[in-house]
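Listed below, chain by chain, are the residues.
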Amino acid sequence: ILEAAGSRIHLISDTSVRRLVRVTLQGLLLEGEISSFAAVLDKPGFTNVLISWLREMKSQGITPEVYLAHAQEKGKERDRQLGIFYQRYQSYLRQHDLADPDGVLWLACEALAQDRKLILNQGTLFVTGFDQFSPVQLELLRLLHTRYNRFAIYLGWDSQRSEDSLALTRLARTRNQLQAALSLETRALDGGQSGDGTALSFLSQTLFETENSAEPPEVVEDIRLIEAPSREVEVRTALGQIKQLLIEGVSPAGIMLLTPHPASYLDIVRTVSEEYDTPILQDEFLAHNPAIIALLNLLSISPDYPWWETLEALRSPYVDQDWLSPGQIDTLDRLSRDRPVIGGREQWQYALKPVSQAIDPDLQEVDDEFEGAAKTVKEGADELAEIEAGLMAFFDRITPPETGTIKEYTWWLQTEILGIWPEPEDGQEAEAPPAAAESLNLLEACQDSEHRERDTRAIAELAGILRRMLRSSETIPNQAQTAISWDQYLSELASLIHRRVLPRDRLAGGGFFGPLEETRARSMDHLFVLGLSEGEFPSPPPADVFYASTEREEHPLPLVRFVPADDATLWW
């Protein structure tokens, strides 16, 4: 739509949105305009909360001007500061011809409203796969539906139920909104509930219904309800039955293991499926990959050099360091236990002192425990000096500059740690790394890994994140040359890594594990559902950071309100 309108708006990525939010917050903090949130401005979680809030405002069609006007007239100081942030954020986008994903819908609606001849089509527009629409999406549909010869919206429904049925809560609300906005003709399609007397049919007809006189079938063979004392037992029971089905020759493609809350079961399902040698395909979080875990540990060691993290990095199969041999690392481990090292270069150096240097001759008394620990140093002074030199060289390699631009930190990470050379720009040759720099070759270790495909895929995703960070700094003016601290860079990188999900390989063999919504898109022969415990499903809504429930109910602006019965629609 925007291309047809001749718009030159540039859509920014989620990474750029996050950077712009942080830059806007920093500017407002320096001006003293956002004092209510000063204590949490540098927390990645607060950035996530603000992005969710922005999406809520934009999806509801609430402009910065409307929100700020309300906040200044009747709102609290919190609302006023949120309004100032929202106005500053949106003004920045407008001034630089940028738009975030939600703002693009605003601009599309504006373009259609201004030009009645835009997107005229002789064909048919089909809208399917939705069960709810935001006000902005409804407005977009309203502007589009008269521009096509035919316009059809498909919505899941059960004509045998009352519109007041709990199972149709979300769908009924959506249908009413569509009717009010578009005045469409409603036609029910064939293929409703058959009522064939099976247990599944009975469950479908009676679930979430408070009044139903249907008689349950005498024989129930196609539904089993299993009570388990813990999530682990729950998963083991389900995977045990899945493995039995596979042994009997059932196709893995017809088996699904679903839950309303996949994150609570992800690690357990992965561990037990490997233990049972049962193929279960599931989304993988990039942060769970062993190579990425090793990398994040490596990057977090400086400047404190904590004991456990240091030894973990030195022994990691993903870290190619030749300063210390396995025997020397074992010696370092033993000495740092005898002379306890918590962190800091000085403590590591002290743990590697010979006995003659470790005990101060000027002390009149020596603690027995200290003296005993000192005497466990059996290595000579030269050997200890060699270990110390190797350890300090390792620390030097993994210590980033105190400040730098996004590009400089990314370059340091690639040349010193990963071993990935940056891609050259068009018409230019890639700049060679400094002659003295020798990477820890994490990429090469992944290529030689026992799980080569898994680890190299993770590193490829990491490279994509680094490229997006670079592009985001270049997209937002004045950011490419702005120096930041290493903690800021690492916080942003870690936040993006933890948000990244590696999609499943749907062509690979195995049953599927995922969210309960997966049933909408796939058919199956055997369905296992986890997490139907009381208190988990239906589950209470997540805590609202900005508004109490009564504030939302009484707010004059159309804020999104959580409807508990949505879980009923999901299950149905």
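Throughout, a residue's number is its position along its own chain's written sequence, starting from 1. The predicted nature of this model means local features are confined to residues of pLDDT at least 70 and side-chain atom pairs, given and counted, to a pLDDT of 80 or more, with totals for whole chains, interfaces and linings taken over all residues. With hydrogens and water stripped out, all remaining heavy atoms of the structure feed into the side-chain values.

1. Some thoughts on the pattern of salt bridges
Put simply, a salt bridge is a Lys or Arg side-chain nitrogen that is within 4 Å of an Asp or Glu carboxyl oxygen. Applying the stated criterion across every chain yields a total of 29 salt bridges. Ionic pairing is found between Arg236 and Glu232, a salt bridge with its closest N-O pair at 3.0 Å. Of this pair, Arg236 and Glu232 both sit in helix α9 (residues 231–247), four residues apart, which is roughly one turn of the helix. We note a salt bridge from Arg315 to Asp330, for which the minimum N-O separation is 2.8 Å. Highlighted residues: Arg315 in helix α12 (residues 307–315) and Asp330 in helix α13 (residues 326–338), separated in sequence by 15 residues. Arg315 gets classed as partly exposed once you look at its relative accessible area, which sits at 42%. We call a residue buried when its accessible area falls under 20% of the maximum for its residue type, exposed when it is over 50%, and partly exposed in between, using a 1.4 Å probe and counting protein chains only. Since its relative accessible area comes to 43%, Asp330 is described here as partly exposed. Three or more residues are tied together by salt bridges with common partners; here these are Lys76, Arg78, Asp79 and Glu551. Secondary structure is summarised from DSSP: a helix means a run of H or I of at least four residues, a strand means a run of E of at least two, and numbering begins at the N terminus for each.

2. Overview of helix α17 (residues 381–398)
An ideal rise of 1.5 Å per residue puts 26 Å on 18 residues; α17 measures up with 26 Å between its terminal C-alpha atoms. Every buried residue belonging to α17 is among Leu384, Ile387, Gly390, Leu391, Met392, Phe394, Phe395, Arg397 and Ile398, and all of these are buried. Each residue after the first adds 1.5 Å to the expected span of a helix.

3. Quick look at a nonpolar patch on the surface
Each patch groups residues whose relative accessible area exceeds 30% and which form no salt bridge, using 9 Å between like charges and 5 Å between nonpolar side chains of Val, Leu, Ile, Met, Phe, Trp and Tyr. Only the protein chains shown count as cover for residues, and all accessible areas are computed by the Shrake-Rupley method using a 1.4 Å probe. There is a patch of nonpolar side chains on the surface, built from Phe126, Tyr154 and Leu189 and spanning about 330 Å² of accessible area. The topology assignment puts Tyr154 in the loop between β4 (148–153) and α7 (169–182).

4. Description of the environment of Ala287
Within the secondary structure layout, Ala287 lies in the loop between β7 (284–285) and α11 (290–299). Here a residue-residue contact requires only that any non-hydrogen atoms of the pair lie within 4.5 Å. Ignoring sequence-local partners within four residues, the contact set of Ala287 consists of Ile292, Ile293, Ile497 and His498.

5. Quick notes on the side chain of Ser16
Secondary-structure assignment places Ser16 in helix α1 (residues 14–30). Judged by its relative accessible area of 3%, Ser16 is buried. Once you skip the residues sitting within four places of it in the chain, Ser16 turns out to touch Ser472, Thr475 and Ile476.

6. Digging into the packing of aromatic side chains
Stacked, tilted and edge-to-face are the three classes applied to pairs of Phe, Tyr and Trp rings, where Trp contributes its six-membered ring and a pair requires centres within 6.5 Å; stacked means planes under 30 degrees apart, edge-to-face means over 60, and tilted covers the rest. Overall, the coordinates contain 17 aromatic pairs when judged by the stated rule. One aromatic cluster in this structure is built from Phe37, Phe46, Trp53, Tyr67, Tyr86, Phe546 and Tyr547. When the ring centre of Trp106 is taken as reference, the NZ or CZ atom of Lys58 above it lies at 5.5 Å. Here, over-ring charges are defined by two tests on the NZ atom of lysine or the CZ atom of arginine: distance to the ring centre within 6 Å, and angle to the ring normal within 35 degrees.

7. A closer look at the pairing of strand β3 (residues 121–127)
Only strands joined by at least two bridges in the DSSP assignment are considered to pair. Bridge count between β3 and β4: five bridges; the pairing is parallel. Looking across to β4, one finds that Leu125 is bridged to Phe151. Crossovers are marked right-handed if the path from the first strand over the helix to the second runs clockwise, as seen with the strands pointing away from the viewer. Taken together, β3, helix α6 (residues 135–145) and β4 form a β-α-β motif whose crossover is right-handed.

8. Some words on the packing of α12 against α13
For any two helices packed against each other, one specifies the inter-axial angle together with the distance between the axes. The N-to-C vectors of α12 and α13 enclose an angle of 170°; their axes lie 11 Å apart at closest approach. Put simply, α12 runs roughly antiparallel to α13. Along the contact surface, α12 presents Trp307, Leu311, Leu314 and Arg315, while α13 presents Ile329, Asp330, Leu332, Asp333, Ser336 and Arg337. Tallied by class, the residues present in the contact of α12 with α13 amount to five nonpolar, one polar and four charged. Axis angles are defined between N-to-C directions and span 0 to 180 degrees, where every axis is a line fitted to C-alpha atoms and, for a helix, only to the segment in contact. Each angle gets one of four labels, with under 35 degrees taken as roughly parallel, over 145 as roughly antiparallel, 65 to 115 as roughly perpendicular, and the rest as oblique. Classes in brief: Ala, Val, Leu, Ile, Met, Phe, Trp, Tyr, Cys and Pro nonpolar; Asp, Glu, Lys and Arg charged; the others, Gly included, polar.

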